[in-house]
Amino acid sequence: MPDYSMIAFANAVETLRMANYISRSELYRWTVISSDSAPSVASNGLSIATEGGTQALADCAMVFVCGGVNIRANTDERLRHMLRQCAAQGAAMGALCTGSFALASAGLLDDYRCAIHWENLAAIGEEFPRVQFSPEVFIMDRNRYTCSGGTAPLHLMLHLVRAQHGVKLVMDISEQFIVERLRASNDRQRIPQPQCIGPGYQHLTEAAEIMAANIEEPLPLAELAGVIHVSLRQLERLFHRYFSMNPAQYYMNLRLRRAQELLTHSSMPIMQVTVACGFQSASHFCKAYRGLYGHSPSEERRNQTGKPVPARASNRAAPVLQYAVRA
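Definitions and cut-offs
- Residues numbered from 1 in each chain as written.
- Predicted model: local features only at pLDDT ≥ 70, side-chain atom pairs only at ≥ 80, totals over all residues.
- Heavy atoms only, no water.
- Pairing = 2+ DSSP bridges.
- Helix = DSSP H or I, 4+ residues; strand = E, 2+ residues; numbered from the N terminus.
- Expected span 1.5 Å × (residues − 1).
- Buried < 20%, exposed > 50% of the residue type's maximum accessible area, 1.4 Å probe, protein only.
- Arc of directions from axis to C-beta.
- 1 Å grid on protein atoms, 1.4 Å probe; cavity = no way out; pocket = protein on both sides within 12 Å on 5 of 7 lines; lining within 4 Å.
- Points joined across faces, edges and corners; volume = space filled by probe spheres on them.
- Nonpolar A, V, L, I, M, F, W, Y, C, P; charged D, E, K, R; others polar.

A. Region of the structure containing the pairing of strand 7 (residues 138-141). With four bridges connecting them, strand 7 and strand 8 (residues 144-147) associate as antiparallel partners. Of the residues in strand 8, the one forming a bridge with D141 is R144. Taking the residues between adjacent antiparallel strands as the criterion, strand 7 and strand 8 are bridged by two residues, where R142 takes a positive phi near 55°.

B. Spotlight on the environment of Q272. Looking at where Q272 falls in the secondary structure, it is placed in helix 12 (residues 270-276). Note: C-alpha distance between Q272 and A282 (ten residues apart in sequence) is 9.9 Å.

C. Focus on helix 10 (residues 232-243). With twelve residues, helix 10 extends 16 Å from end C-alpha to end C-alpha; this agrees with the ideal 16 Å at 1.5 Å per step. Among the residues of helix 10, those classed as buried are L235, L238, F239, Y242 and F243. What you see down the axis of helix 10 is that its buried residues fit within an arc of 95°, all on one side.

D. Inspection of the layout of surface pockets at higher detail. Considered as a void within the structure, the largest pocket measures approximately 1000 Å³ in volume. Contributing to the lining of the largest pocket are 41 residues, with W30, T31, M62, V63 and F64 lying nearest its centre. Grouping the amino acids of the lining of the largest pocket by side-chain chemistry returns 32 nonpolar, six polar and three charged.

Limitation: the analysis is restricted to geometry and does not speak to function.
Next up, the structure:
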């Protein structure tokens, strides 16, 4: 798709190329097409030559959609028709990075479990209630193969190669690519790691996951501490030690990050975003949002449509709530 992720594309194709190279046989062949038959330009400005339209996929056992930025604007009826046609011909369907949006938009992920890049998870999950979106790195559900972005396509393809050609070949590919660990399909995209945060990480991980699962109706911190069987004071010490902020600040940043995802990756009205992120009033939401990002939610939405957001100084640092990604 236009604006596709080059790293996602390369990780998928290079894994198959290396399988051929190591086995000294043509285990895999691939064809690259675009919905309009023109060269497709990646988000980094580089382009890949394409090989025609849907007819070029006639012999393909699997069809993967590689997305990237501007996924909603780049998904049109021509693309949806092409994907439905491929599925009707019996091809297994897959997606890399945000390509899952295109499959969902075409109705090809209804009643399937699905992975997509974490940045789009909240907004797109709201849009397709019949699709079971998950924060996992990749998901193989029957004849649907979906994954998040970055290096996740490499791990998805390694699992496909292992299923088709055995563990030895996957180990050899991993050695060539200096991949220390094959990620499991149920690995989460964003979680704290023990080697990153040390003793007490189990409680911190559990607290962070419970917060992320309770955005619309935030839990009182005392209740949260009780759920993970620590005192409120101990919970505060853990957050101060590892995130340099108290649990309330972390929870607020998490909710505001979700709000930013909804504002930039969905057309949901700002009032609905306010409610979806657990704010009781628009004024409280606007004040908190401006305090963290330096501009209002409405300015964020205007920026999404291409209009510049005036630069403003923020009194607070950017949210330190990114989960470490497993290597």
